[in-house]
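Each chain, written out:
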Amino acid sequence: MAAEKDPPQARYIDFYDLAPVGYLTLSEPGLILEANLTAATILGVTPDALVERPFTRFVLPEDQDLHYLHTKRLYETGAADATSVPQASAPQAYELRMLQGDGTAFWAHLEVTAARDAGGAPVRRIVMSDITERKRAEESLREAHQKLETTLDSITDGLLVLDHDWRYTYFSETGAKLVGMRREDLIGKCVWDLFPYAKDTRFYECYHMAVETGQPIAFEEFYPEPLNRWLECRCYPSPDGLSVYFRDITERKRAEELLRESEERYALTLDAVNDGLWDWNVQSGDALFSPRYYALLGYDDGEFPASYASWRLLVHPEDLARVEEELRLSIETGKGFAIDLQMKLKFGGWRWVSTRGRVVERDAAGKAPRMVGTLSDITERKRAEEALRKLEERFRSMFAQAPLGIAFIDSLTGHIDEVNPRFAEIAGRSMEEMAIIDWMRITHPDDVQEDLDNMALLNAGKISGFHMEKRYLHHDGTPVWINMSIAPILVEDKAHPRHLCMIEDITERKHVEEKLAAVAAELERSNNDLEQFASIAAHDLQEPLRMVASYTQLLAERYEGQLDEKARKYIAYAVDGAVRMQQLVNDLLTYARVGTRGNPIEPTDAGRVLGQAIGDLATAIEESRAVVTHEELPLVRADASQLRQLFQNLLANALKFRSEEVPRVHVSARDEGRDWVFAVRDNGIGIDRQYAERVFVVFQRLHTRRDYPGTGIGLALCKRIVERHGGRIWFESEPGKGSTFSFTVPK
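Residues numbered from 1 in each chain as written. Predicted model: local features only at pLDDT ≥ 70, side-chain atom pairs only at ≥ 80, totals over all residues. Heavy atoms only, no water.

Visitor: Help me out: how do you make sense of the overall build of the chain in this one?
Guide: In terms of regular secondary structure, the chain is built from 24 helices and 27 strands. Counting across all 747 residues of the chain, residues that qualify as buried make up 38%. Expressed as a percentage of contacts within the chain between residues at least 6 apart in sequence, the contacts between residues at least 24 apart total 50%. Looking at the chain as shown, the accessible area adds up to about 42,600 Å², and 54% of this sits on carbon and sulfur atoms. (Helix = DSSP H or I, 4+ residues; strand = E, 2+ residues; numbered from the N terminus. Buried < 20%, exposed > 50% of the residue type's maximum accessible area, 1.4 Å probe, protein only. Contact = heavy atoms within 4.5 Å. Areas by Shrake-Rupley, 256 points an atom, 1.4 Å probe, with all protein chains shown as cover.)

Visitor: Would you mind going over the packing of helix 23 (residues 640–656) against helix 24 (residues 714–724) with me for this structure?
Guide: Think of two packed helices as two axes; the pair is described by the angle between the axes and how far apart they sit. Where helix 23 contacts helix 24, the axes come no closer than 9 Å and their chain directions differ by 145°. The way helix 23 lies across helix 24 gives a crossing that is left-handed. Side by side, helix 23 and helix 24 meet where Q642, Q645, L646, N649, L650 and N653 of the first sit next to G714, L715, L717, C718, I721, V722 and R724 of the second. A class-by-class count of the residues in the contact of helix 23 with helix 24 yields seven nonpolar, five polar and one charged. (Axes fitted to C-alpha atoms, helices over the stretch in contact; angles between N-to-C directions. Left-handed = near helix turned anticlockwise from the far one by under 90°. Nonpolar A, V, L, I, M, F, W, Y, C, P; charged D, E, K, R; others polar.)

Visitor: Honestly, the sheet that holds strand 7 (residues 168–171) in this entry has me stumped. Any pointers?
Guide: The strands making up a sheet associate through hydrogen bonds between their backbones, and the pairing can be parallel or antiparallel. The five strands lie next to each other as 7-6-10-9-8, forming an open sheet whose pairing is antiparallel. Edge positions in the sheet fall to strand 7 and strand 8 (217–223), since each of these pairs with one other strand and no more. Each strand of the sheet is rotated relative to its neighbour by a mean of 25°, with strand direction disregarded. Alignment of strand 6 (residues 158–162) against strand 10 (residues 241–248), held across five bridges, turns out to be antiparallel. Note on strand 10: the bridge partner recorded for L162 is L242. Across the sheet, helix 8 (residues 202–213) lies against strand 6, strand 8, strand 9 (229–238) and strand 10, angled at about 160° from strand 8, the strand it touches most. (Pairing = 2+ DSSP bridges.)

Visitor: Sorry if this is basic, but what is going on with a nonpolar patch on the surface here?
Guide: A surface patch of nonpolar side chains, amounting to about 330 Å² of accessible area, comprises M547, Y551 and L554. Position of Y551 among the secondary structure elements: in helix 19 (residues 507–558). (Patch = residues over 30% accessible without salt bridge, like charges linked within 9 Å, V, L, I, M, F, W, Y side chains within 5 Å. Salt bridge = Lys/Arg side-chain N within 4 Å of Asp/Glu carboxyl O.)

Visitor: Could you clarify how one ought to interpret helix 24 in this entry?
Guide: Helical geometry: 3.6 residues make up each α-helical turn, so side chains three or four residues apart lie on a common side. For helix 24, the set of buried residues is L715, A716, L717, C718, I721 and V722. At the C-terminal side of helix 24, G726 shows a positive phi close to 80°.

Visitor: Teacher, can you tell me more about the packing of aromatic side chains here?
Guide: Working definition: an aromatic ring pair is given by the centre-to-centre distance plus the angle between the planes. With the rule as written, the count across this model stands at 32 aromatic pairs. Aromatic pair F423 and Y472: ring centres 6.2 Å apart, planes at 55°, arrangement tilted. Here F423, found in helix 15 (residues 421–427), pairs with Y472, found in strand 18 (residues 466–473); they are 49 residues apart in sequence, far enough to count as distant. The residues F423 and Y472 share a single accessibility class, namely buried. Consider the rings of F696 and F741, whose centres lie 6.2 Å apart with planes at 85°: the pair is edge-to-face. Of this pair, F696 sits in the loop between strand 25 (675–682) and helix 24 while F741 sits in strand 27 (residues 739–746); the two residues are 45 residues apart in sequence, bridging distant segments of the chain. Residue classification places F696 among the buried residues on the basis of a relative accessible area of 13%. Above the face of the F58 ring, R57 is positioned so that its terminal group lies 5.1 Å from the ring centre. Between the NZ or CZ atom of K382 and the centre of the ring of W352, over which it lies, the distance is 4.3 Å. (Phe/Tyr/Trp six-rings, centres within 6.5 Å; stacked < 30°, edge-to-face > 60°. Lys NZ or Arg CZ within 6 Å of the ring centre and 35° of its normal.)

Visitor: Sorry if this is basic, but what is going on with empty space enclosed by the protein here?
Guide: Gaps left between atoms show up when a probe the size of a water molecule is rolled over them. Under the counting rule described, the total for this entry stands at six cavities of 30 Å³ or more. Approximately 190 Å³ is the volume attributed to the largest cavity. Lining the largest cavity are 18 residues; nearest its centre among them are L160, Y168, V179, F195 and Y223. Elements supplying a minimum of two residues to the lining of the largest cavity: strand 7, helix 7 (191–194), helix 8 and strand 9. Its residues assigned to classes, the lining of the largest cavity shows 18 nonpolar, no polar and no charged. (1 Å grid on protein atoms, 1.4 Å probe; cavity = no way out; pocket = protein on both sides within 12 Å on 5 of 7 lines; lining within 4 Å. Points joined across faces, edges and corners; volume = space filled by probe spheres on them.)

Visitor: Just to check I follow, could you spell out the state of the cysteines for this structure?
Guide: Here is the idea: a disulfide is a covalent bond, and it sits between the sulfur atoms of two cysteines. Per the counting criterion, the structure on display carries zero disulfides. In this structure C235 is a free cysteine whose sulfur lies 5.9 Å from that of C233, the closest cysteine sulfur available. (Disulfide = S-S within 2.5 Å.)

Visitor: Where do I start with the environment of F678 in this structure?
Guide: Mapping F678 onto the fold places it in strand 25. The spatial distance from the C-alpha of F678 to the C-alpha of F743 is 5.4 Å, given a sequence separation of 65 residues. When neighbours within four sequence positions are excluded, F678 is seen to be in contact with A606, L633, P634, V636, F647, S668, A669, F741, S742, F743 and V745.

Visitor: What is the right way to look at helix 8 in this model?
Guide: The terminal C-alpha atoms of helix 8 lie 16 Å apart, and with 12 residues this matches the ideal 16 Å at 1.5 Å per residue to within 8%. Burial in helix 8 covers these residues: F203, C206, Y207, H208 and A210. Tucked inside the fold, the buried residues of helix 8 contact strand 6, helix 7, strand 8, strand 9 and strand 10. Positive phi shows up at G214, right after helix 8, with a value of about 75°. (Expected span 1.5 Å × (residues − 1).)

Visitor: How do you make sense of the nonpolar core when you look at a structure like this?
Guide: Among the nonpolar cores identified, the biggest contains 36 residues, and L643, F647, F678 and F743 are the most heavily contacted of them. Residue assignment for this core shows that the elements contributing at least two residues are helix 21 (606–616), strand 23 (635–638), helix 23, strand 24 (664–671), strand 25, helix 24, strand 26 (729–733) and strand 27. Sorting elements by how many residues they give to this core places helix 23 first, with seven residues. Counting 28 residues, the second largest nonpolar core, distinct from the first, contains W166, V179, V191 and F203. (Core = buried A, V, L, I, M, F, W, Y, C linked by side-chain atoms within 4.5 Å.)

Visitor: Explanation requested: the pattern of salt bridges in the structure shown.
Guide: Charged atoms that come close allow side chains of opposite charge to pair. All told, the structure shown has 44 salt bridges when counted by the stated rule. Across the pair K510 and E469 runs a salt bridge, and its minimum N-O distance is 2.6 Å. Here K510, found in helix 19, pairs with E469, found in strand 18; they are 41 residues apart in sequence, far enough to count as distant. When salt bridges that share partners are traced, they join E95, R134, K135 and E138 into one network.

Visitor: Please clarify how the sheet that holds strand 11 (residues 276–281) should be interpreted in this entry.
Guide: Pairing within the open sheet is antiparallel, and its five strands lie in the order 12-11-15-14-13. Looking at the sheet topology across the chains shown, the edges are occupied by strand 12 (287–289) and strand 13 (337–344). Pairs of neighbouring strands in the sheet enclose a mean axial angle of 25°, with direction left out of account. Bridge analysis of strand 11 against strand 12 gives three bridges, and the strand direction is antiparallel.

Visitor: What exactly am I supposed to notice about the packing of helix 21 against helix 23 here?
Guide: At a minimum axis distance of 8 Å, the contact between helix 21 and helix 23 shows a crossing angle of 50°. Between helix 21 and helix 23, the angle is such that the two are oblique. The crossing of helix 21 and helix 23 is right-handed. Between helix 21 and helix 23, the residues in contact are A606, V609, L610, Q612, A613, I614 and D616 and A640, L643, R644, F647, Q648 and L651, respectively. Looking at the contact of helix 21 with helix 23 residue by residue, the classes come out as nine nonpolar, two polar and two charged. (Parallel < 35°, antiparallel > 145°, perpendicular 65-115°, else oblique.)

Visitor: What is the right way to look at unusual backbone geometry in this model?
Guide: Outside of glycine, negative phi angles account for most residues, and trans bonds account for most peptide bonds. Positive phi outside glycine occurs at W166, with the angle close to 60°. Relative to the helices and strands, W166 resides in the loop between strand 6 and strand 7. By relative accessible area, W166 is classed as buried at 15%. One non-glycine residue, R625, adopts positive backbone phi at about 55°. Looking at the element boundaries, R625 is found in the loop between helix 22 (618–624) and strand 22 (627–630). The exposure class of R625 is exposed, given its relative accessible area of 63%.

Spelled out as structure tokens, the structure:
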């Protein structure tokens, strides 16, 4: 007995549940009355979990207004009110974002129809499809289109793209300049509305023919007002509409017109235009090449036979079949052609050229006896294209091998679009992880807000970029310090700004800085202790020294007539020793306080300070009959009191270590770019170069105290003062010929 067939109701249920799209029925208030298995699967829940739940529960909050709008339109286009809804109305189709049961967002396409159920109650029937993958593909296509637009804007030919409604969807910058309009005034406009007079030209005919036949078409046509130009166009139909490359050939057309007018003008024009021209007798194979045609290939005029056979020998073997096929199609259809190819040069090698031509006449049998065309050198364009390709390859190589981490990041969402391996390595993540993670998840929580504040300023256009030091967190929570630089990437899509992020691992530097900070703090504490010790020691030493000197002098005065010569000499030694000890303590205290008790470094008139130092030494200058001169000195950044001490010590040394001649001291300054270089030159006894390392050391004396008094700390103090100002000090000297002490003060 044959098995019973499934009852019709069961087959309907199977078909309903297993349909490739989701079906839902909503009550008039919007509650889900029933849903098939596919709809439940798309929404990520069971069919039972959908019943009696509001449909808007599954609509992303940001898109609910869109859903309500289409629901309203559904009834407006169907019936006057819900009570008069017919059995079925025209559907409303729209796309919006929805939520699955676990909160995952996805894109859906809805077709909603107002109808009535079997009982006559108004309902809405929804056909739903998950179009998330399509939306992602559209986004990828948009990004690719944006890159393509950048490339297309760089080519010399104009390019326009029309959709199926003849509306401009793209117009290259070069093309816009050629037609004398702005791109923003063209995009979205219908070409025939914008240029109604074009309907009576070949533009209208060829555009439609290319779309209808699906075949590329090349043609030349004169464009009337407002352009008044001849344009050469190549039309390429596509599923999305029509792409048209065009270039201005007005000058060439004028040249061709002159050629037709007279043989003499023809010859002159061939020499004048930049393109080579050719004229080919299709039947005989004979040809005519202009002098420029020969010159483009490195030949003298007429150096090779003007024939089709000679021309074939010059075409690159890889291009010959393609070019001959284009010629054949042009002869059969009468359409113009344009093709790029390589042709052999006289002295070897190949040159990229572009040849364009068309049939100019036909005989009574309809055959094409003659074609004319042009030859243009496009070697530079091809080189530019090759250079661009190599540049892209080099960029990709550098991107992959760069020692710095590099990433392209969505400025609004923080999504990391692309990173190089070094970026992933510094962030402590795999390349796969970096493709699905955003920057906030790998940033130390304490650094997130500063980063967000900077990004807000960047996106608002208040700053052009920023640098900051922050921390990333590896998988195990280990922090890594980075130095980050952020700069926006200029794109035309203002709704999706991106920025370039470059990072450098500075963890080791940070560890060193922490150690240096600790050492600096310890040094500062030690210096403070030493200064305090020096002050106390100086104070405590001064008092007993003053007592020794005072009581020794009193002893000499009290017993003046009772002391012999030896006793008086001993007393003088004691007093002199105490005084020298006091001077030594004072000098040491001054030396110790150079770095800690100085005044602020600020703009200072060096000439005025030198005058004060000369005034301090007025008695010594007068007694030695010295002549002190100086040039005009600049305004410098310095501690005025310490600069005065520096000048005073150097002048005092020049007076002290003088020769038998009258002391002459000259002070000068010169501009050395980043520094001012001061020089104090004298005609004294000079210094042997073997003592170059000793003269700036504390207590290092080159002479006895009997010959030259002093503590031996003057030049050491000069060195300390110069170094505090960020400069250096040195001398040039020769015994018996004087010395020049030089020092620098940074600007």
